[in-house]
Amino acid sequence: MKKQSNLSRLMSWAGKYRFFTYASWCLSAVSALLALVPFWYIWQIVRDVLSSSGIINREHLSRCGWMAVAFAVLSVLVYIAALMCSHIAAFRVATNLRLEMVHRLAALPLGFAESVGSGKLRKIINDSSGATETYLAHQLPDKAGAIATPLGLLVLLLVFDWRLGLLSLVPVALGFLIMMSMTGKGMAEKMREYQNALDAMSNEAVEYVRGVPVVKTFGQTVFSFKKFKGSIDNYSKWVIAYTKQLRLPMLFYTAAINSVFAFLIAGALFLTRNGVTDLFLLNLIFYIIITPVISLTLTRIMFMSENGMIVADALSRIDRILTAEPLPEPARPQAPTSAVLTLQDVHFSYDGENEVIKGVSLSVKAGQTVALVGPSGGGKSTLAGLVARFFDPQQGSICVGGVDLRQMSKEERMNTVSFVFQNSRLIKASILDNIRMSRPDATDEEVMRAIASAQCMDIIEKFPDGVHTVLGSGGVYLSGGEMQRIAIARAFLKNAPILILDEATAWADPDHEVKIQQALSELAKGKTVLMIAHRLSTVENADCIYVIADGEIQESGTCRKLCEQGGLFAKMWNNYKTSAQWKVEKEC
């Protein structure tokens, strides 16, 4: 099956507005041809001035001058109309692209957004669609004009003196051949390498700037800058090597497109070896005036080919979202009969090769609180994500009330499981709307009860607008602990039977931690709770603790039982107790 071109794909997103794009090409081409008409009147003016009769028809000169101005202005007006049409279509394409990507993201599992990263997703949705907008709004109409200009020039060059016209086209042919060698498939690969090197340097710059306070505090300036400098050096080496590679082709291209005068002078000397006529001198002057348009047009075409590569790269990034497959939904969804959570021989890998979960089996009875602890990177958060169906396991099953998550509808699953993660995300909206997201049909009174249960009243009371205070840009910003409590209020409002807590107190200061713990204790009543914690004091009273390391369950049991076994948990518990009792003492 023939692959659809990038332009065809863009036109499919334009819908009925694609005709504005076609109109912009036609108008731009007409504008380019109209811009050549003044040269015809300039030729007439030069002819009258160089007339051997010595009699100058001032009225004719004035008329030719005003006609040249009129066609120049008309060319500009037509070009403006072309841009108006192209922008209408370009804005529609960019809008449709963004809408389709957002709709696709809404259908994709939450794990997709986590794996790609919110920053990259935002850049794809904004910047990549913006690249297509620039391409359609400016570059394609200009390309149509750049193609029409040589055709019109070809007519002008051959009408007056075909011999000089052909000489003028020789450097054009040479420049075009050199340009083709620079803008082929190799250039497209170089463009991707350039974008990757630039992204790497930008990412390191952002990370370095964000970490400057910590870097200075611990005196690690030189060491921390080393990684940033390495990315700069890599980018520099790539750019210098690429520049050297294009140095000779660019030198020959510049020499070729600017050598038209040399060809014209050499040809004129040869053609006038038997004498010079007034008509030949007139045509030679005319060709000297008009041929600079050739080099300008060729250069525009060369840079337009680069812009096409930028759009191709943007579409490949957009495809990362549009081609991602949502998790399959069951034809006949089933509803769970209880809040019993069961994992049976679960295996999972992010890349399809390296397993991060290796045959995990566990069961949580309705109303029980189970904790997952273990070393960082052991797979605890991945397990929590699988229970929330951020991903599907490659092997094994995860069931709620005897029903596999894959056999539950999305709505049923979301109503059954709620979660509070360590990085709570709030949107630019009021506090009321942020909490109501978990249950859009909730009344204001129900939201306020959830706020009170989540220990959030002190947050509401400190703002003049109370629960209607807008968060984010143009509004107010909350601390990490306050954001966590708002997220807990969401969970209260949702009131799902299964609750997942992933380091819910990770970013809280001591004051906020107390309030969060009180809110979580209230929230967990009567629910099946799966909690992940590094602060082992929070899991001391859990019904069962599973120690996860290297993607497997190493130990399980109550806190007391695990401490008596003297295994991995006992070691972690002793280290935690030691750190909790540690204090700074002044040396005497």
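Calculation rules
- Residues numbered from 1 in each chain as written.
- Predicted model: local features only at pLDDT ≥ 70, side-chain atom pairs only at ≥ 80, totals over all residues.
- Heavy atoms only, no water.
- 1 Å grid on protein atoms, 1.4 Å probe; cavity = no way out; pocket = protein on both sides within 12 Å on 5 of 7 lines; lining within 4 Å.
- Points joined across faces, edges and corners; volume = space filled by probe spheres on them.
- Nonpolar A, V, L, I, M, F, W, Y, C, P; charged D, E, K, R; others polar.
- Core = buried A, V, L, I, M, F, W, Y, C linked by side-chain atoms within 4.5 Å.
- Buried < 20%, exposed > 50% of the residue type's maximum accessible area, 1.4 Å probe, protein only.
- Helix = DSSP H or I, 4+ residues; strand = E, 2+ residues; numbered from the N terminus.
- Contact = heavy atoms within 4.5 Å.
- Pairing = 2+ DSSP bridges.

**What to know about empty space enclosed by the protein**
Part 1 of the reasoning: The tally for this structure, following the rule as stated, stands at 3 cavities of 30 Å³ or more.
Part 2 of the reasoning: Here the second largest cavity is characterised by a volume of approximately 30 Å³.
Part 3 of the reasoning: Taken together, Leu386, Arg389, Phe391, Asp392, Pro393, Ser397, Ile398, Asp404, Leu405 and Arg406 make up the full set of residues lining the second largest cavity.
Part 4 of the reasoning: Grouping the constituent residues of the lining of the second largest cavity by class yields 5 nonpolar, 1 polar and 4 charged.

**Considering the nonpolar core**
Part 1 of the reasoning: Ranked by internal contacts, the top residues of the largest apolar core, which has 44 residues, are Ile431, Ile435, Ile488, Val539, Ile545 and Phe569.
Part 2 of the reasoning: Among the elements that take part in this core, helix H19 (residues 480–494) stands out by supplying 7 residues, more than any other.
Part 3 of the reasoning: Once residues lying within four places of it in the same chain are set aside, the contact partners of Ile435 are Val447, Ile451, Ile486, Ala489, Arg490 and Leu493.
Part 4 of the reasoning: Of all hydrophobic cores here, the second largest spans 31 residues; its members include Ile357, Val370, Leu386 and Ile398.

**Some remarks on the sheet that holds strand S1 (residues 341–349)**
Part 1 of the reasoning: Taken in spatial order, the 4 strands line up as S2-S1-S4-S5 in an open sheet, and their pairing is antiparallel. Two strands in the sheet have a free side with no partner beyond their single neighbour: strand S2 (355–364) and strand S5 (403–404).
Part 2 of the reasoning: Both S1 and S2 contribute to a ladder of 7 bridges, which runs antiparallel. Of the residues in S2, the one forming a bridge with His347 is Lys358.

**With respect to unusual backbone geometry**
Part 1 of the reasoning: Phi is positive for Asn495, which is not a glycine, with a value near 55°.
Part 2 of the reasoning: You can see Asn495 is positioned in the loop between H19 and strand S7 (498–502).
Part 3 of the reasoning: Even without being glycine, Asp550 reaches a positive phi, approximately 55°.
Part 4 of the reasoning: Locating Asp550 in the fold gives a position in the loop between strand S9 (544–549) and strand S10 (552–557).

Any link to function would need more than the numbers given here.
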